[in-house]
Amino acid sequence: MFYEYLLTQGIKEDHIIKIELDQRRYYKFRNPIILCEYVEALVAKQKEEKFYLFIDEVQLTKKVIHKENGGFQKSPCAHGYSS
């Protein structure tokens, strides 16, 4: 698994974000706005560092209407989180 490989390469475990959308504790992240806000909050204080994001079962995310941003449909996060 790539996760294990990253650990062997000296990547800190807290710099590897794993989200399994088929697991009950991660159901709220099926909303892509909540998912993006969560990931952004995790990395916000460390913008100069590299993070790795693994999202399992990403097809379970829902399209939502982002009312605060002109009502467009939002799908899963498409931008990267490494600087």
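Residues numbered from 1 in each chain as written. Predicted model: local features only at pLDDT ≥ 70, side-chain atom pairs only at ≥ 80, totals over all residues. Heavy atoms only, no water.

Undergrad: Teacher, can you tell me more about the overall build of the protein here?
TA: In terms of regular secondary structure, the protein is built from 2 helices and 4 strands. For the protein, the proportion of its 83 residues judged to be buried stands at 27%. Summarising the internal contacts of the protein: among those between residues at least 6 apart in sequence, 63% fall at separations of at least 24. Of the roughly 6000 Å² of accessible surface on the protein, a fraction of 48% belongs to carbon and sulfur atoms. (Helix = DSSP H or I, 4+ residues; strand = E, 2+ residues; numbered from the N terminus. Buried < 20%, exposed > 50% of the residue type's maximum accessible area, 1.4 Å probe, protein only. Contact = heavy atoms within 4.5 Å. Areas by Shrake-Rupley, 256 points an atom, 1.4 Å probe, with all protein chains shown as cover.)

Undergrad: Whenever I open this one, the confidence of the model for the protein confuses me. Can you help?
TA: In low-pLDDT segments, the atomic positions of the prediction should not be examined closely. Per-residue pLDDT for the protein has a mean of 84; in total, 78% of the residues score no lower than 70. Note on residues 78-83: pLDDT is under 50 here. Beyond four places in sequence and across chains, it has 14 contacts. (pLDDT = per-residue confidence, 0-100.)

Undergrad: Help me understand the pattern of salt bridges, please; the structure alone is not making it clear to me.
TA: Working definition: two side chains of opposite charge can pair if their charged atoms are close together. One pass over the full model with this rule turns up 1 salt bridge. In this structure, K12 and E49 form a salt bridge, with 4.0 Å as the shortest nitrogen-oxygen distance. Of this pair, K12 sits in the loop between α1 (2-8) and β1 (16-20) while E49 sits in the loop between α2 (32-43) and β2 (52-56), and the two are 37 residues apart along the sequence. Judged by relative accessible area, which is 30%, E49 ranks as partly exposed. (Salt bridge = Lys/Arg side-chain N within 4 Å of Asp/Glu carboxyl O.)

Undergrad: In this structure, what is going on with the environment of H15? I would like to understand it.
TA: For H15, the location among the structural elements is in the loop between α1 and β1. Given the relative accessible area of 4%, H15 is considered buried. With 37 residues separating them in the primary sequence, H15 and Y52 have C-alpha atoms 6.3 Å apart.

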